[in-house]
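Here is how the chains run, residue by residue.
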Amino acid sequence: MRGEALRYDLHAGTAGTSSRALYAEFTSSTAEVRRVLQRVRGVLDKAGLCRGARDNIELVLAEALNNVAEHAYDAKAPGLIRLCLSLRPGIIGLELRDRGRPMPNLVLPEGRFKPLGGGGDLPEGGFGWFLIRRLSAHVTYRREGGENVLEILMPGRPDSAFGSAY
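Quick caveat, the model's predicted, so the values are computed rather than measured. (Residues numbered from 1 in each chain as written. Predicted model: local features only at pLDDT ≥ 70, side-chain atom pairs only at ≥ 80, totals over all residues. Heavy atoms only, no water.)

This part is about the packing of helix 1 (residues 30–46) against helix 2 (residues 51–72). One can describe the packing of helix 1 onto helix 2 by two numbers: an axis separation of 10 Å at closest approach and a directional angle of 155 degrees. By the angle class used here, helix 1 and helix 2 are roughly antiparallel. The crossing of helix 1 and helix 2 is right-handed. Only Arg54, Asp55, Ile57, Glu58, Leu61, Ala62 and Leu65 of helix 2 make contact with helix 1, whose side of the interface consists of Val33, Leu37, Val40, Arg41, Leu44 and Asp45. Considered class by class, the residues forming the contact of helix 1 with helix 2 number eight nonpolar, no polar and five charged. (Axes fitted to C-alpha atoms, helices over the stretch in contact; angles between N-to-C directions. Helix = DSSP H or I, 4+ residues; strand = E, 2+ residues; numbered from the N terminus. Parallel < 35°, antiparallel > 145°, perpendicular 65-115°, else oblique. Left-handed = near helix turned anticlockwise from the far one by under 90°. Contact = heavy atoms within 4.5 Å. Nonpolar A, V, L, I, M, F, W, Y, C, P; charged D, E, K, R; others polar.)

For the rest of this paragraph, the subject is the packing of helix 2 against helix 3 (residues 128–135). Packing of helix 2 against helix 3 brings their axes to within 9 Å, and their N-to-C directions diverge by 140 degrees. The orientation of helix 2 relative to helix 3 falls into the category oblique. The handedness of the crossing between helix 2 and helix 3 comes out as left-handed. Contacts between helix 2 and helix 3 involve Asn56, Leu59, Val60, Glu63, Ala64 and Asn67 from the former and Gly128, Trp129, Leu131, Ile132 and Leu135 from the latter.

Take the environment of Arg97 next. Locating Arg97 in the fold gives a position in strand 4 (residues 91–98). Residue Arg97 is classed as buried on the basis of its relative accessible area of 16%. Counting along the chain gives 44 residues from Arg97 to Tyr141, while the straight-line C-alpha distance between them is 10.0 Å. For Arg97, the contacting residues outside a window of four places in its chain are Leu80, Ile81, Arg82, Arg142, Glu144, Glu147, Asn148 and Val149. A distance of 3.0 Å separates a polar atom in the side chain of Arg97 from a polar atom in the side chain of Glu95. At a separation of 3.1 Å, a polar atom in the side chain of Arg97 contacts the side chain of Glu144. (Buried < 20%, exposed > 50% of the residue type's maximum accessible area, 1.4 Å probe, protein only. Polar contact = N/O pair within 3.5 Å; in protein donor to acceptor, adjacent residues only side chain to side chain.)

Let us now look at the nonpolar core. Residues Leu83, Leu85, Leu94, Leu150 and Ile152 are the most contacted members of the largest nonpolar core, which totals 38 residues. Counting only elements with at least two residues in this core, the list comes to strand 2 (19–27), helix 1, helix 2, strand 3 (80–88), strand 4, helix 3, strand 5 (138–144) and strand 6 (147–155). Not counting residues within four places of it along the chain, the set of residues in contact with Leu85 comprises Ser19, Arg20, Ala21, Leu22, Val40, Val43, Leu44, Ile92, Gly93 and Leu94. (Core = buried A, V, L, I, M, F, W, Y, C linked by side-chain atoms within 4.5 Å.)

Here it is as structure tokens:
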């Protein structure tokens, strides 16, 4: 499991087709997650998405993967993650599956923006679910057969009604 993600399956597609563009199985280690994010960036570049949409998708995916690595699995003992990225006209689908700990009460965090305290220092953490919910079109979570299944639909344009990081 070291050095390379366990498995990649790439299907060249364009934003105008409905297809699985990437399937990856990898561990939740920092190095593996970084490699997968780079691979996703390449797929999104080839799909012809504008920079803002690519950046939003990459940010949301990075936040979701970070949550799996930090909360579903113990950072000292990385676990398996499966990612399926699909391209459809105007929408990008992300499905993450892992066998880590389930979400508390099997419910997604609300993702509300927490007001900053005095002093102007930013707290460590607490923004991930806010960003995921703000930038995505739809997010669902379920526990299925001992797996966490997180599905995120992302708009293909950053100027859509769903939001933008910019």
